[in-house]
Amino acid sequence: MDKKKKQIANLCIFLFFLFFAVQTMYHREFTEETIYEYYDRLMEGFFPSYQNKQQPIYGTVLSGMISAYRTDFLPILKYSEDYKKTSESDLVSEEYYHFEDDETTDKNVEEVAKEGKKFHAKSWENPGYLRKYIYQVDSTTMVTNSEINGKVLMNMDLSLKKTTSPQILIYHTHGSETYKDSRAGKKSDTVIGVGDELTRKLQAKGISVLHDRNIYDIKNGKEERSKAYNYAADAIESHLAKYPGIQVVIDLHRDGVGENVKLETTQNGEKMAQIMFFNGLSRTASNGDLAYLKNPNKKINLAFSLQLQAQAMKKYPGFTRKIYMKGYRYNLHYRGRSLLVEVGAQNNTVRQAKASMSLLAELLNSVLY
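Conventions used here
- Going along each chain's sequence as written, the residues are numbered from 1 onward.
- Since the coordinates come from a predicted model, pLDDT governs what is reported: local features require at least 70, and pairs of side-chain atoms require 80 or more to be given and counted, while whole-chain, interface and lining totals use all residues.
- To get the side-chain values, take all heavy atoms of the structure and skip hydrogens and water.
- Helical segments are the DSSP runs of H or I of at least four residues, strand segments are the runs of E of at least two, and each set is numbered from the N terminus.
- For the exposure calls, accessible area comes from a 1.4 Å probe over protein chains only, and a residue counts as buried if that area is under 20% of its type's maximum, exposed if over 50%, partly exposed in between.
- Should any heavy atoms of two residues lie within 4.5 Å, those residues are considered in contact.
- In this description, accessible areas are obtained by the Shrake-Rupley approach with a 1.4 Å probe, and a residue is regarded as covered only by the protein chains that are shown.
- Geometry of aromatic contacts follows a simple scheme: Phe, Tyr and Trp rings, the Trp one being its six-membered ring, pair when their centres are within 6.5 Å, and the pair is stacked under 30 degrees between planes, edge-to-face over 60, tilted otherwise.
- Axis lines are fitted through C-alpha atoms, for helices just across the contact stretch, and the angle between N-to-C directions can take any value from 0 to 180 degrees.
- For classification purposes, an angle smaller than 35 degrees is called roughly parallel, one larger than 145 roughly antiparallel, one from 65 to 115 roughly perpendicular, and anything else oblique.
- The handedness criterion is simple: a crossing whose near helix is rotated anticlockwise from the far helix by less than a right angle is left-handed, and one whose near helix is rotated clockwise is right-handed.
- Residues are grouped as follows: nonpolar covers Ala, Val, Leu, Ile, Met, Phe, Trp, Tyr, Cys and Pro; charged covers Asp, Glu, Lys and Arg; every other residue, Gly included, is treated as polar.
- In this analysis, strands are considered paired if DSSP registers two or more bridges between them.
- In what follows, salt bridge is the name for a side-chain nitrogen of Lys or Arg lying within 4 Å of a carboxyl oxygen of Asp or Glu.
- Given the number of residues in a helix, its expected span is that number minus one, multiplied by 1.5 Å.
- Two N or O atoms count as a polar contact when they lie within 3.5 Å, although within protein this holds only if one can serve as hydrogen donor and the other as acceptor, and sequence-adjacent residues are included solely when both atoms are side-chain atoms.

K.L.:
Help me out: how do you make sense of the overall build of the protein chain in this one?
P.N.:
The secondary structure content of the protein chain amounts to twelve helices and 13 strands. Burial status across the protein chain gives 51% buried among its 369 residues. Sequence-distant contacts in the protein chain: of pairs separated by 6 or more residues, those separated by 24 or more amount to 79%. Just so you have it, the protein chain exposes about 18200 Å², and 51% of that area is on carbon and sulfur atoms.

K.L.:
Before we go on, may I ask you to explain the packing of aromatic side chains in this structure?
P.N.:
One pair of aromatic rings is described through two measures. These are the centre distance and the angle between the planes. This model, assessed by the stated rule, comprises five aromatic pairs. With a centroid separation of 4.8 Å and an interplanar angle of 50°, the aromatic rings of Y129 and Y133 are classed as tilted. Of this pair, Y129 and Y133 both sit in helix α6 (residues 127–134), four residues apart, which is roughly one turn of that helix. By relative accessible area, Y129 is classed as buried at 14%. A relative accessible area of 12% places Y133 in the buried class. Taken together, a centroid distance of 5.9 Å and an interplanar angle of 20° make the contact between F278 and Y324 stacked. Here Y324 lies in strand β12 (residues 323–326) and F278 lies in strand β9 (residues 275–280), a separation of 46 residues in the sequence. Overall, F278 belongs to the buried group, its relative accessible area being 5%.

K.L.:
How should the packing of helix α8 (residues 191–203) against helix α12 (residues 357–368) be read in this particular structure?
P.N.:
Each pair of packed helices gets described by two things: the angle between the helix axes and the distance between those axes. Taken N-terminus to C-terminus, the directions of α8 and α12 make an angle of 45°; their axes are 9 Å apart at the nearest point. If you check the angle between α8 and α12, you find them oblique. Crossing of α8 over α12 shows right-handed handedness. Contacts between α8 and α12 pair V194, E197, L198, K201 and L202 from the former with M357, S358, L360, A361 and L364 from the latter. Of the residues assigned to the contact of α8 with α12, the class counts are seven nonpolar, one polar and two charged.

K.L.:
Would you explain the pairing of strand β8 (residues 270–273) in this entry?
P.N.:
Both faces of the sheet carry side chains from a regular strand, because those side chains alternate between them. By the bridge criterion, four bridges tie strand β7 (residues 264–267) to β8 in an arrangement that is antiparallel. Paired with T266 across the strands is K271, a residue of β8. Hairpin connection between β7 and β8: a loop of two residues separates the two successive antiparallel strands, and N268 in this loop has a positive phi of roughly 55°.

K.L.:
For this particular structure, what's the right way to read the pattern of salt bridges?
P.N.:
Opposite charge on two side chains lets them pair, provided their charged atoms get close. In this structure the tally under the stated criterion is twelve salt bridges. For K122, the salt bridge goes to E125, with nearest N and O atoms at 3.4 Å. Residue K122 is classed as exposed on the basis of its relative accessible area, which comes to 63%. Looking at E125, the relative accessible area reads 29%, which means it is partly exposed.

K.L.:
What is the right way to look at the sheet that holds strand β2 (residues 168–171) in this model?
P.N.:
By definition, the strands of a sheet pair up through backbone hydrogen bonds, in either a parallel or an antiparallel sense. Pairing in this open sheet of seven strands is mixed, and the strands run β1-β12-β9-β13-β6-β2-β3 from one edge to the other. The sheet is open, and its two edges are formed by β1 (135–137) and β3 (209–211), each paired on a single side. Across the sheet, the mean angle from the axis of one strand to that of its neighbour is 25°, orientation sign disregarded. In this fold α6 packs onto β1 and β12, with an angle of close to 80° to the strand it touches most, β1. The strands touched by α8 within the sheet are β2, β3, β6 (248–255) and β13 (337–345), with β3 carrying the most contacts at an inclination of about 170°.

K.L.:
Looking at this structure, I do not really get α8. What am I missing?
P.N.:
The α-helix winds at 3.6 residues per turn, so residues separated by three or four positions along the chain end up facing the same way. In this model α8 runs 18 Å from its N-terminal to its C-terminal C-alpha over 13 residues, within 8% of the 18 Å that 1.5 Å per residue would give. Taken as a whole, α8 has its buried residues at V191, I192, G193, V194, G195, D196, E197, L198, T199 and L202. Where the residues of α8 are buried, they touch β2, β3, β6, β13, α11 (350–355) and α12.

K.L.:
How should the environment of L340 be read in this particular structure?
P.N.:
For L340, the location among the structural elements is in strand β13. Each C-alpha atom, one on L340 and one on N279, is 7.0 Å from the other, the two residues being 61 residues apart in sequence. Ignoring any residue separated from it by four or fewer positions in sequence, one finds L340 in contact with Y229, D251, H253, M276, F277, F278, Y330 and L332.

K.L.:
Help me understand the side chain of Q274 in this model?
P.N.:
Structurally, Q274 is set in the loop between β8 and β9. Overall, Q274 belongs to the buried group, its relative accessible area being 14%. Engagement of the side chain of Q274 in a polar contact is seen with the backbone oxygen of G318, the distance being 2.9 Å.

The values are spatial; any link to function lies outside them.
See the structure below:
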């Protein structure tokens with residue numbers, strides 16, 4: 001009887017993989033990483049069950065397969081139905097490629113307010129919990145549960161040892177962004193001035209920082225937000241070539257929200273702007289993984305933002321918004337500890353934005369040192 005059950009289990013496994021292969025054969029790049037992870041999970045459960053005669057192999061392995069199929073693969077199959085047959089050459093056209101962070105043409109999704117919950121480490125291992133309370137996934141993209149495995153991301157060692165040469169690069173793709181009381185022509189009143197404050201706070205902790213104060217979204221007196229990421233990329237590459245010891249790259253922004261949305265919080269008795277960590281997934285819902293925008297450091301970037309978010313929720317509840325996840329790359333591929341941070345919005349004051357940098361510096365110091 002045991003032999004028959006094993007044969008049935010093996011047949012079920014074979015049929016499942018055959019079905020999955022047929023479903024995904026036309027979207028290999030998108031599912032390759034997930035298939036490998038699923039295979040590892042299957043083997044991890046299969047062999048102990050096979051060797052342990054007291055453990056029902058048909059129950060253990062098949063239940064694990066069904067669970068993983070529901071949580072990780074159904075979302076992929078759902079989105080694969082909407083894939084467009086678009087070549088890579090089409091995707092890198094000016095209109096599509098520079099779509100990355102253009103608020104005037106982008107699809108917006110209303111931010112879901114997070115509940116005021118206390119930090120419980122065990123909860124953060126559950127992708128379902130992270131989706132509900134920690135992440136906000138943009139409507140133009142998708143994320144699999146394997147990518148937001150909290151147990152893995154929270155336990156990655158991101159620590160550094162302080163050096164005298166620059167370890168952190170701070171720059172601003174949209175350096176012209178201002179706040180509601182910014183004075184015209186005053187760079188110190190823009191998001192660059194906020195970067196100055198973060199630089200000071202980090203340096204006060206003995207951390208070596210390079211701050212790029214250039215503006216990349218204005219060229220020849222005209223706004224060029226659509227190409228700002230390209231201009232900033234050239235600068236990043238130049239800085240990294242000159243200072244190869246840089247291990248952290250931070251792109252500091254200011255968000256744009258509806259006027260009725262107030263991104264304010266009171267921490268340590270002081271009013272300050274809320275901040276939001278932002279991750280690019282190099283994947284859209286309509287086109288799947290973007291081969292021309294690969295990011296080999298995506299997993300470390302996800303770990304970096306999640307660990308910072310965890311520290312914030314432990315020490316400064318209400319200081320951070322949900323981590324936003326979107327489909328493009330946003331120059332987050334140059335280093336493993338790359339971070340895009342939105343500091344307040346257009347209706348915050350300069351003072352509030354700068355005040356929040358003391359806490360951001362504390363969070364960075366906690367995770368990195």
